[in-house]
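# Geometric and topological summary
Given next are the chains, with one letter for each unit.
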Amino acid sequence: MSYWMMHIMDAYGYLGIALLILVENLFPPIPSEVILTFGGFMTTYTKMNIIGVVLSSTVGSVFGAILLYQEKLESLLEGRVGKILHFKPEDVGSAMEWFDSKGNYTVLFCRFIPIVRSLISIPAGMAHMNLGTFLSLTTIGSFIWNLVLVTLGAIAGTSWQKAAECLGTYT
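To keep things clear, this report deals only with the structure shown in the data block.

Rules used throughout
- Residues numbered from 1 in each chain as written.
- Predicted model: local features only at pLDDT ≥ 70, side-chain atom pairs only at ≥ 80, totals over all residues.
- Heavy atoms only, no water.
- Helix = DSSP H or I, 4+ residues; strand = E, 2+ residues; numbered from the N terminus.
- Buried < 20%, exposed > 50% of the residue type's maximum accessible area, 1.4 Å probe, protein only.
- Contact = heavy atoms within 4.5 Å.
- Polar contact = N/O pair within 3.5 Å; in protein donor to acceptor, adjacent residues only side chain to side chain.
- Patch = residues over 30% accessible without salt bridge, like charges linked within 9 Å, V, L, I, M, F, W, Y side chains within 5 Å.
- Areas by Shrake-Rupley, 256 points an atom, 1.4 Å probe, with all protein chains shown as cover.
- Salt bridge = Lys/Arg side-chain N within 4 Å of Asp/Glu carboxyl O.
- Axes fitted to C-alpha atoms, helices over the stretch in contact; angles between N-to-C directions.
- Parallel < 35°, antiparallel > 145°, perpendicular 65-115°, else oblique.
- Left-handed = near helix turned anticlockwise from the far one by under 90°.
- Nonpolar A, V, L, I, M, F, W, Y, C, P; charged D, E, K, R; others polar.

Further remarks concern the environment of methionine 48. Assignment of secondary structure puts methionine 48 in the loop between helix 2 (32-42) and helix 3 (50-69). The class for methionine 48 is buried, based on a relative accessible area of 10%. Separated by 35 residues in the primary sequence, methionine 48 and glycine 13 have C-alpha atoms spaced 7.4 Å apart. If we ignore the near neighbours within four places in the chain, the residues touching methionine 48 are Gly13, Tyr14, Ile17, Met42, Thr43 and Val53.

With 11 of its 11 residues buried, helix 2 lies for the most part within the structure. Taken together, the buried positions of helix 2 are Ser32, Glu33, Val34, Ile35, Leu36, Thr37, Phe38, Gly39, Gly40, Phe41 and Met42.

What follows covers unusual backbone geometry. Of note, histidine 128 is a non-glycine position whose phi angle comes to about 60°, a positive value. Relative to the assigned elements, histidine 128 resides in the loop between helix 9 (121-126) and helix 10 (131-156).

Bringing the side chain of serine 118 into the picture now. With respect to the secondary-structure elements, serine 118 resides in helix 8 (residues 116-119). When its relative accessible area of 0% is taken as the criterion, serine 118 is described as buried. Within polar-contact distance, the side chain of serine 118 engages the backbone oxygen of asparagine 25 at 3.3 Å.

A word on a nonpolar patch on the surface. A grouping of Tyr12, Leu15 and Leu19 is seen on the molecular surface, where their side chains present a nonpolar patch of about 350 Å² in accessible area. Secondary-structure assignment places leucine 15 in helix 1 (residues 2-26).

Right, let's get into the packing of helix 3 against helix 10. Direction vectors running N to C along helix 3 and helix 10 enclose 140°, while the axes themselves pass 8 Å from each other. Judged by the angle between their axes, helix 3 and helix 10 are oblique. Remark: the crossing between helix 3 and helix 10 carries right-handed chirality. Where helix 3 abuts helix 10, its residues Ile50, Val53, Val54, Leu55, Ser57, Thr58, Ser61, Val62, Ala65, Ile66 and Tyr69 lie against Leu131, Phe134, Leu135, Thr138, Thr139, Ser142, Phe143, Asn146, Leu147, Val150, Thr151 and Ala154. By residue class, the composition of the contact of helix 3 with helix 10 is 15 nonpolar, eight polar and no charged.

Here it is, written out as structure tokens:
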């Protein structure tokens, strides 16, 4: 899987990074750790720079989060798609109760937890969280996560894979 991601990033640069991170948000098993650390490494041998990689990955993160924020997902998760994904109607209710009890800043803090970082958008949308607040917290959290991993990849240089493996262990 890593090879085709690297190929997309190498061929399409910032746009490729944004698209890969958008897809990673929609399909959490795709590892952002690999995308972002490799993106950081790419700043050491291409014309791309850390800020450009961080900004493009943040744009991808925010667009992916917006797609998952949609309030329509509640009915989708309770219907046929929910059955395929093994969601039960009470799972949706439990997620909303949990989100409501923890508050809006859950969106910010969950942006630092792999897999949850994408999925937190769903209860935020279902709970009708204010879109402006959602976008602000998502952008800040995603920016920080992306900055740390891209910088780590740039510092690690050719050892970026070892950094990604360590992060994979954390994941």
